[in-house]
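Here is what each chain is made of, one letter per residue.
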Amino acid sequence: MTRVGIAACGIIPFTRDDQSIESVLLESVVDLFEGSDADRGSVDAVLVSTNSNSKYLAPILSETAGLGPNIAHTVENLCNSGTNAMVSGYSYIASGLADVVLVSGAERYDSPGQVLEWDRSRGGFKHPIFWASILARSYKRRFSISEEQLAMVPVKNHRHARDNPNAMSKKACTIQDVIESKRVTDDIRLLECSRPCTGSASVLLASEDAAKRLSKEPVWIAGIGQKTASAGFTKSESFSSLESTRIAADVALRMAGHAPKDIDVAEVHDAFSVCEPMALESMGLCGPGGGAGMVRDMYDTENRMINPRGGLIGSGHPLGATGIAQAVEITQQLRADAGSRQVGGARTGLVHNMSAAGTSSTVLVLER
């Protein structure tokens, strides 16, 4: 099988700016080419990841960025769009249909993907905050987890975000700040939520020969796992674990020839505070009910292994860009190019990206 690598990446600061989706996409692509030896003439395909209602974005981006691809189209799968687009790009290369693929994700702060109008099973409760509340209540009850323990997730991730120049927030918070923030539902407070924002991130995927030609430090996609359990959450086996994440992680790790203990650094989809410990447990990075304790231990020891850029809670969550931004962070970590966020000696990294109530998940394993 053709080996596929990340040859270059670009990202811009996440903000609440009122920019057009087209201009935001272009900015991260410009950052990618300006920060690498990659040439625009090598790009065979352009994939745009977004939940925006704007049309024909991949051909528009191709023209404004000075590219002439054979293939150009958009990938949409809610918050999981970015890694889904990367998997599509990987597939084009592995099949021989393309040699170099630009994958660019972007969203505006007012993305229509934030409201789940399609999910009739939720009745009038169409905002993701309601499924997060169900997960939080179930998880706390099953494992006797306190509100203070879950509050440590945003405390840790906001601290990490202070060292991320592209993060939406640079403000640290305490457990008390989280507990005293506005109660959005009975089980979720405002500081436990990721925030929609305007932002973009891009990666250049390439076959082995092309990656070595375009980059002195390619990072290889060693494992891919995907699982969609259902569209809504009426078929979820449990509200205190993430079955799609468990399956996707198992497949990705087996493909890469790794066990969970081999992961040096990971980007985990912390859309809400409860999601991070649930994902850590579902991927086997700790035992059932051990995620909250793992988060606390990392905070106490200043261990940046999980969400070194601040996660979605600290960095912001531009839906279509999130999975790609996660991959950019792991690429920088494996290249030892993450500055004050750097996890020492990182050789193997993981990206976990999911949609809806964790009913659809993608896991990527990256290697130097």
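Predicted model only: the values in this text are computed from it and were never measured. Numbers given to residues run from 1 along each chain, matching the order in which its sequence is written. Totals for whole chains, interfaces and linings use every residue, but because this is a predicted model, local features are given only for residues with pLDDT of at least 70 and side-chain atom pairs only at 80 or more, for both listing and counting. No hydrogens and no water enter the side-chain calculation; it runs on all heavy atoms of the structure.

Colleague: Could you give an account of helix H2 (residues 57–64), with specific residues and numbers?
Modeller: Note on exposure labels: buried denotes an accessible area under 20% of the residue type's maximum, exposed denotes more than 50%, and partly exposed covers the range between, all computed with a 1.4 Å probe on protein chains only. Numbering of helices and strands runs from the N terminus, with a helix taken as a DSSP run of H or I at least four residues long and a strand as a DSSP run of E at least two residues long. Buried residues of H2: Leu-57, Ala-58, Leu-61 and Ser-62, and no others. All buried residues of H2 lie within an arc of 135 degrees about the axis, which places them on one face of the element. Residues count as neighbours in contact if any of their non-hydrogen atoms are within 4.5 Å of one another. Those residues of H2 that are buried lie in contact with helix H1 (21–34), strand E2 (45–49), strand E3 (71–75) and strand E4 (100–107). Just downstream of H2 lies Gly-66, where phi reads positive at about 75 degrees. In this description, one arc is meant: the one made by directions from the helix axis to the C-beta atoms.

Colleague: If you had to explain the domain arrangement of the protein chain to someone new, which residues and values would you point to?
Modeller: Interfaces are frequently sized by the accessible area removed from exposure as the parts join. Domains assigned within the protein chain are domain 1 (4–111 + 197–220) and domain 2 (124–192 + 222–367). As annotated, the domain borders come from an automatic or database domain assignment. Each of domain 1 and domain 2 was reduced to a C-alpha centroid, and the two centroids are 23 Å apart. At the junction of the two partners, domain 1 supplies 42 residues and domain 2 supplies 36 residues. The term buried area denotes the loss of accessible surface (1.4 Å probe radius) that occurs when two parts are joined, taken as the sum for both partners. Regarding the contact of domain 1 and domain 2, the summed buried area is about 2,900 Å², with carbon and sulfur atoms giving 66% of it. Area buried by domain 1 at its contact with domain 2 is led by Phe-14, Cys-79 and Val-219, which between them contribute 22% of it. Just to be clear on terms, a salt bridge is a Lys or Arg side-chain nitrogen sitting within 4 Å of an Asp or Glu carboxyl oxygen. On inspection of domain 1 and its partner domain 2, the count reaches 0 salt bridges. Pairing of N or O atoms within 3.5 Å defines a polar contact, subject to two protein rules: one partner must be a possible hydrogen donor and the other a possible acceptor, and residues neighboring in sequence count only if both atoms are side-chain atoms. Summed over the shared surface of domain 1 and domain 2, the number is 16 residue pairs in polar contact (both at pLDDT 80 or more). Contributing elements (two or more residues each) for the side of domain 1 that touches domain 2: strand E1 (4–11), helix H3 (81–95), E4, strand E5 (199–207) and strand E6 (219–228). Each residue is assigned to one of three groups, with Ala, Val, Leu, Ile, Met, Phe, Trp, Tyr, Cys and Pro labelled nonpolar, Asp, Glu, Lys and Arg labelled charged, and all others, Gly among them, labelled polar. In terms of residue class, the side of domain 1 that touches domain 2 is built from 21 nonpolar, 18 polar and 3 charged.

Colleague: Give a description of helix H9 (residues 275–282) that names residues and reports values.
Modeller: Along H9, 8 of the 8 residues are buried, which leaves the element largely enclosed by surrounding structure. Every buried residue of H9 is listed here: Cys-275, Glu-276, Pro-277, Met-278, Ala-279, Leu-280, Glu-281 and Ser-282. In this structure, the buried residues of H9 make contact with helix H4 (128–143), helix H5 (147–161), helix H8 (243–256), helix H10 (291–301) and strand E8 (348–355). Two residues or fewer past H9, Gly-284 is found with a positive phi of approximately 80 degrees.

Colleague: Can you tell me about the packing of aromatic side chains, naming the residues and giving the values?
Modeller: Each aromatic ring pair is summarised here by two numbers: the centre-to-centre distance and the angle between the ring planes. Pairing of aromatic rings covers Phe, Tyr and Trp, the last counted by its six-membered ring, and requires centre-to-centre distances within 6.5 Å; plane angles under 30 degrees mean stacked, over 60 mean edge-to-face, and any other angle means tilted. Under the definition given, this model contains 2 aromatic pairs. Note on Trp-131 and Phe-272: the rings are 5.5 Å apart at their centroids and 85 degrees apart in plane angle, and the pair reads as edge-to-face. Remark: Phe-272 occurs in the loop between strand E7 (265–267) and H9 and Trp-131 occurs in helix H4; sequence separation between them is 141 residues. Accessibility classification places Trp-131 together with Phe-272 in one group, the buried group. Our definition puts a charge over a ring when NZ of Lys or CZ of Arg is within 6 Å of the ring centre and also within 35 degrees of the ring normal. If you follow Arg-3 out to its NZ or CZ, it ends over the ring of Trp-220, 4.0 Å from the centre. The positively charged end of Arg-159 is found above the aromatic ring belonging to Tyr-299, 3.8 Å away from the centroid.

Colleague: Describe the pairing of E3, and please don't skip the residues or the numbers.
Modeller: Here the rule is simple: two strands pair whenever DSSP picks up at least two bridges between them. In the sheet, E2 pairs with E3 via 5 bridges, with the strands oriented parallel. When the sheet's bridge partners are listed, Ala-45 is paired in E3 with Ile-71. Crossovers are marked right-handed if the path from the first strand over the helix to the second runs clockwise, as seen with the strands pointing away from the viewer. Since E2 and E3 lie parallel, the crossover through H2 that links them has a hand, and here it is right-handed.

Colleague: I'd love a proper account of the nonpolar core, names of residues and values included.
Modeller: Nonpolar cores were defined as sets of buried Ala, Val, Leu, Ile, Met, Phe, Trp, Tyr and Cys residues, with membership established by side-chain atoms within 4.5 Å. Among the nonpolar cores identified, the biggest contains 53 residues, and Trp-131 and Ile-306 are the most heavily contacted of them. Sort the elements by how many residues they give to this core and H4 lands first, with 6 residues. With 36 residues, the next largest nonpolar core counts Val-4, Val-103, Ala-325 and Val-328 among its residues.

Colleague: Could you give me a rundown of the sheet that holds E8, with the residues and numbers involved?
Modeller: Hydrogen bonds along the backbone pair up the strands of a sheet, which may run parallel or antiparallel. Strand order in the open sheet formed by 9 strands is E3-E2-E4-E5-E1-E6-E9-E8-E7, with mixed pairing between adjacent strands. Unpaired on one side and paired on the other, E3 and E7 mark the two borders of the sheet. Recorded for the sheet is a direction-independent mean angle of 25 degrees between the axes of neighbouring strands. Two strands pair when backbone bridges link them, and E7 and E8 are joined in this way by 3 bridges, in the parallel orientation. Note that in E8 the partner of Ala-266 across the bridge is Leu-350. Contacting E6, E8 and strand E9 (360–367), H8 runs over the sheet at an angle of about 150 degrees to E6. Angles here are taken between N-to-C directions and fall from 0 to 180 degrees, while the axes themselves are lines fitted to C-alpha atoms, restricted in helices to the stretch in contact.

Colleague: Which residues make up the environment of Ala-38, and what values go with them?
Modeller: On the secondary structure map, Ala-38 appears in the loop between H1 and E2. Through-space distance from the C-alpha of Ala-38 to that of Ser-215 is 7.0 Å; in sequence the pair is 177 residues apart. Not counting chain neighbours up to four residues away, the residues in contact with Ala-38 comprise Phe-33, Leu-204 and Leu-214.

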